[in-house]
Amino acid sequence: MPLEQALQRLLEAAAAEPIQACETVSLADGAGRVLAAGLQATSDLPPWPNSAMDGYALATQGWAGQALPISQRVFAGTAPGPLQPGTCARIFTGAPVPDGADCVEMQENVTLLADGRVQFDQPLTPGQNIRPQGQETRLGETVLPAGTRLGPIELGLAATLGHGQLRVRRRPKVAVLSTGDELVEPGQALGPGQIYNSNRRLLISWLQRLGCEVIDVGILADDLALTRQCLEACQQVDLILSTGGVSVGEADFLGQALREGGELSLWKLAIKPGKPLTFGRYLQVPVLGLPGNPASTLVTFALLARPYLLRRLGCQQVAPLRLAVAAGFDWPVAGSRREFLRARLEGDRAVIYPNQSSGVLRSAAWAQGLVEVPEGTTLRVGDSVRFIPLSELLG
Ligand SMILES: Nc1nc2c(c(=O)[nH]1)N[C@H]1C(S)=C(S)[C@@H](COP(=O)(O)OP(=O)(O)OC[C@H]3O[C@@H](n4cnc5c(N)ncnc54)[C@H](O)[C@@H]3O)O[C@H]1N2
Ligand code: MOO
Ligand SMILES: [Mg+2]
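Model, not experiment: these values are computed from the prediction.

Chemist: Would you explain the coordination of the magnesium ion (ligand 3) in this entry?
Modeler: Coordination sphere of the magnesium ion (ligand 3), protein contribution only: D252 (OD) and D252 (OD), at 2.3 to 2.4 Å. Relative to the assigned elements, D252 resides in the loop between β17 (239-243) and α5 (254-261).

Chemist: I tried to follow the state of the cysteines on my own but got confused; where do I start?
Modeler: Defined simply, a disulfide is a covalent bond joining two cysteines at their sulfur atoms. What the rule picks out here adds up to 0 disulfides. Lacking any disulfide linkage, C315 is separated from the closest cysteine sulfur, that of C212, by 11 Å. Using a relative accessible area of 2% as the deciding quantity, one classes C315 as buried.

Chemist: Would you take a moment to explain the pattern of salt bridges for this structure?
Modeler: Two side chains carrying opposite charge are able to pair once their charged atoms lie near each other. One pass over the structure, following the stated rule, counts 14 salt bridges. Residues R33 and E23 are paired through a salt bridge, measuring 2.5 Å at the closest nitrogen-oxygen approach. With R33 in the loop between β1 (22-26) and β2 (39-40) and E23 in strand β1, this residue pair connects regions lying 10 residues apart in the sequence. Looking at E23, the relative accessible area reads 31%, which means it is partly exposed. With a closest N to O distance of 3.0 Å, E375 and R338 form a salt bridge. A residue pair is termed long-range when its members are at least 10 positions apart, and E375 in the loop between β25 (369-373) and β26 (384-389) and R338 in strand β23 (residues 338-346) qualify at 37 residues. A residue is classified by how much of its surface remains accessible, and R338, at 9% relative accessible area, is buried. Among the charged side chains, a network of salt bridges with common partners joins E4, R322, R338, E372 and E375.

Chemist: Help me understand the UniProt feature "domain: MoaB/Mog" (unreviewed entry) in the protein chain in this model?
Modeler: UniProt records the feature "domain: MoaB/Mog" (unreviewed entry) at residues 175-311, using the numbering of this structure. Note that residues 175-311 is 34% helix and 30% strand, and that its end C-alpha atoms are spaced 18 Å apart.

Chemist: Help me understand the packing of helix α3 (residues 199-209) against helix α6 (residues 294-312) in this model?
Modeler: Interaxial distance between α3 and α6 falls to 11 Å at its minimum, and their mutual angle equals 25°. Here α3 is positioned roughly parallel relative to α6, judged by the angle of their axes. For the pair α3 and α6, the sense of crossing is right-handed. Across the interface between the two elements, N199, L202, L203, W206 and L207 from α3 touch P294, T297, L298, F301, A302 and L309 from α6. Within the contact of α3 with α6, the residues separate by chemical class into 9 nonpolar, 2 polar and no charged.

Chemist: What is the right way to look at the nonpolar core in this model?
Modeler: One broad rule of soluble globular proteins: the nonpolar side chains tend to lie buried together. Counting 45 residues, the largest nonpolar core has L241, L288, F301 and L304 as its most contacted members. Of all the secondary-structure elements, those providing two or more residues to this core are α1 (3-15), β13 (173-179), α3, β17, β21 (285-290) and α6. Here this core gets 10 residues from one element, more than from any other, and that element is α6. Residue-level mapping places this core at the junction of two domains, with at least three residues from each of domain 1 (3-20 + 171-312) and domain 4 (323-394). Beyond its immediate sequence surroundings of up to four residues, L241 is in contact with V174, A175, V176, L177, L203, L207, L288, L290, F301 and A305. One finds A175, C230, V246 and L258 within the second-largest nonpolar core, a separate group that totals 17 residues.

Chemist: Explain the site of ligand 2 here, please?
Modeler: Taken together, the neighbourhood of ligand 2 is formed by K272, P273, G274, K275, N293, S296, R337 and S358. In this structure, G274 approaches ligand 2 through a main-chain N or O atom, which is 2.5 Å from an oxygen atom. Taking K275, its main chain carries an N or O atom lying 2.9 Å from an oxygen atom of ligand 2. Of the residues assigned to the shell around ligand 2, the class counts are 1 nonpolar, 4 polar and 3 charged.

Chemist: Sorry if this is basic, but what is going on with the domain arrangement of the protein chain here?
Modeler: The parts lose accessible area when they come together, and the size of an interface is often stated as this lost area. We note that the domain assignment places domain 1 (3-20 + 171-312), domain 2 (24-38 + 142-169), domain 3 (50-131) and domain 4 (323-394) within the protein chain. Distance from the C-alpha centre of domain 3 to the C-alpha centre of domain 4: 57 Å.

Chemist: Teacher, can you tell me more about the environment of S198 here?
Modeler: Within the secondary structure layout, S198 lies in the loop between β15 (195-196) and α3. For the pair S198 and V176, spaced 22 residues apart in sequence, the C-alpha separation works out to 12 Å.

Chemist: Would you mind going over α6 with me for this structure?
Modeler: An α-helix turns once per 3.6 residues; consequently, residues spaced three or four apart project the same way. At F301, α6 is deflected by roughly 50°, the largest bend along its length. Burial analysis of α6 places 19 of its 19 residues in the buried class, the great majority of the element.

Chemist: Explain the site of ligand 1 here, please?
Modeler: Ligand 1 sits among 22 residues. The nearest are E182, N197, S247, K275 and G292. In this structure, an oxygen atom belonging to ligand 1 sits 2.6 Å away from a side-chain N or O atom of K275. Separating an oxygen atom of ligand 1 from a backbone N or O atom of N293 is a distance of 3.2 Å. Within the complex, 70% of the 870 Å² of free accessible area of ligand 1 lies under protein. Elements with a minimum of two residues in the shell around ligand 1: β15 and α6. Grouping the constituent residues of the shell around ligand 1 by class yields 8 nonpolar, 11 polar and 3 charged.

Chemist: Just to check I follow, could you spell out the side chain of T297 for this structure?
Modeler: Along the chain, T297 falls in helix α6. Given the relative accessible area of 0%, T297 is considered buried. Residue contacts for T297: discarding those within four places in its chain leaves N199, L202, L203, T243, L290, P291 and G292.

Parameters at a glance
Throughout, a residue's number is its position along its own chain's written sequence, starting from 1. Written order decides the labels, with chains lettered from A and ligands numbered from 1. With the structure being a predicted model, the display of local features is reserved for residues of pLDDT at least 70 and the display and counting of side-chain atom pairs for 80 or more, all residues being used for whole-chain, interface and lining totals. For side-chain calculations, the full set of non-hydrogen atoms in the structure is used, while hydrogens and water are omitted. In this listing, donors mean N, O and S atoms no farther than 2.8 Å from the metal, or 3.2 Å for Na, K and Ca; water is missing from the atoms, so a site can look incomplete. Strands here are runs of E lasting at least two residues and helices are runs of H or I lasting at least four, both read from the DSSP assignment and numbered beginning at the N terminus. Any pair of cysteine sulfurs within 2.5 Å is marked as a disulfide. Residue exposure (1.4 Å probe, protein chains only): buried if accessible area is under 20% of the type maximum, exposed if over 50%, otherwise partly exposed. Salt bridge, as applied in this entry: a Lys or Arg side-chain nitrogen positioned within 4 Å of an Asp or Glu carboxyl oxygen. UniProt positions are given in the numbering used here, feature names are shortened, and annotations may be inferred rather than shown by experiment. Axis geometry follows a simple rule: fit a line to the C-alpha atoms, using only the stretch in contact for helices, then measure angles between N-to-C directions, giving values from 0 to 180 degrees. Roughly parallel means an angle under 35 degrees; roughly antiparallel means over 145; roughly perpendicular covers 65 to 115; every other angle is labelled oblique. Crossing handedness is defined as follows: a turn of the near helix away from the far one that is anticlockwise and smaller than a right angle gives a left-handed crossing, while the clockwise case is right-handed. Here, residues are in contact when the closest pair of their heavy atoms is within 4.5 Å. Three categories are distinguished: nonpolar for Ala, Val, Leu, Ile, Met, Phe, Trp, Tyr, Cys and Pro, charged for Asp, Glu, Lys and Arg, and polar for the others, with Gly belonging to the last. The nonpolar core is taken to be a set of buried Ala, Val, Leu, Ile, Met, Phe, Trp, Tyr and Cys residues, with the residues joined through side-chain atoms within 4.5 Å. Domain borders in the structure are assigned automatically or taken from a domain database. Proximity criterion: a residue is near a molecule or strand once any of its heavy atoms comes within 4 Å of it. Here a polar contact means two N or O atoms within 3.5 Å. Within protein one must be a hydrogen donor candidate and the other an acceptor candidate, and residues neighboring in sequence count only if both atoms are side-chain atoms. Given a residue, its bend is the angle between the two axes fitted to the seven residues that end at it and to the seven that start from it. Computed by Shrake-Rupley with a 1.4 Å probe, the accessible areas treat only the displayed protein chains as cover when residues are assessed.

Dropping the structure here:
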């Protein structure tokens, strides 16, 4: 199945089973959460016209170029009186512009006369250096719609609007399990044939950054009965996210458990890495089985699991950014699956890590993103390719 079709199915499944429960969190705890309701402006922004410069406010209407005496000083955080006709006001950046003034001149463009008056050395235009009331937002306008994920910028904007509390969707509960008899947790000694479990840490830390509540199930042995038991024990979660055991080997039991005891709705995608990605349901709970090779886990989480989880939370914007860049490499042999190569930008060209084996996670640590090579395509240096930055997908 092509990637688009699989993604569409996953997103439809996610939209059919949204995580609707909400909670109120303080602005300080909003990072990574998703707005359950739109955030409205509680006033015009700015609430009043204010000065963009340190300088002098005056009325250009009726002013004939003469020097003006200073009638008041207006600092940010104060409320000025109306401007007395025939005068100017000393004013500082961010301070409200007095009623009657329609222009601010920066102090670099005036001469202070010995008698204390201000002479304006440059032509003046109405509105100059004034940030008008409501230029950013009008009272009541929805500034951040429901379904927005809250990162530093959105939290800053929510603060600008004065919201100390936010209505957000509850965190998705995700059970993470790593299948594989060969797996050992880091920090312990390796026995013969054993390797360290990297997918567990990769997925747990990524899920936490995405605002999920992680139920860490640990390592699951390659055994059908134990696999069934484990899936049965995870019925209180929104998603079971596993790695490994989805290919066709004699120790691959996850797909079999779904086929026999649940429902298998997706298996085998035309992508590399990530081919045996599996999606289905065991009893009540959706199950996403990511392939066990670490680079396959990474790519399928980025391209499929992440959008799925975000759509469960009501996010509309779930597709990764794809930038057009020039290939800095030849790709002489067309593949039957769409390839996602771990790549870096050097100047305006994408170069790829020399070893693209799906067992090599180091390629992804080296990379800044994934180059997408469509199925059936060869490339020459300089050809245009799509580059998916990984950094924006991590949070
Ligand atoms: N005859 C075929 N064999 C394979 C096919 C195929 O189409 N026909 N597909 C290959 C592809 S592509 C992939 S990807 C892998 C996926 O296999 P599984 O998802 O079943 O994963 P495992 O067999 O359990 O493990 C694969 C590989 O990854 C290592 N691994 C697993 N879990 C972890 C972990 N948590 N941390 C680190 N490394 C892990 C495991 O030791 C294996 O080396 O199947 C191919 N085979
Ligand atoms: O699709 Mo597998 O993920 O190539 O290694
Ligand atoms: Mg396998």
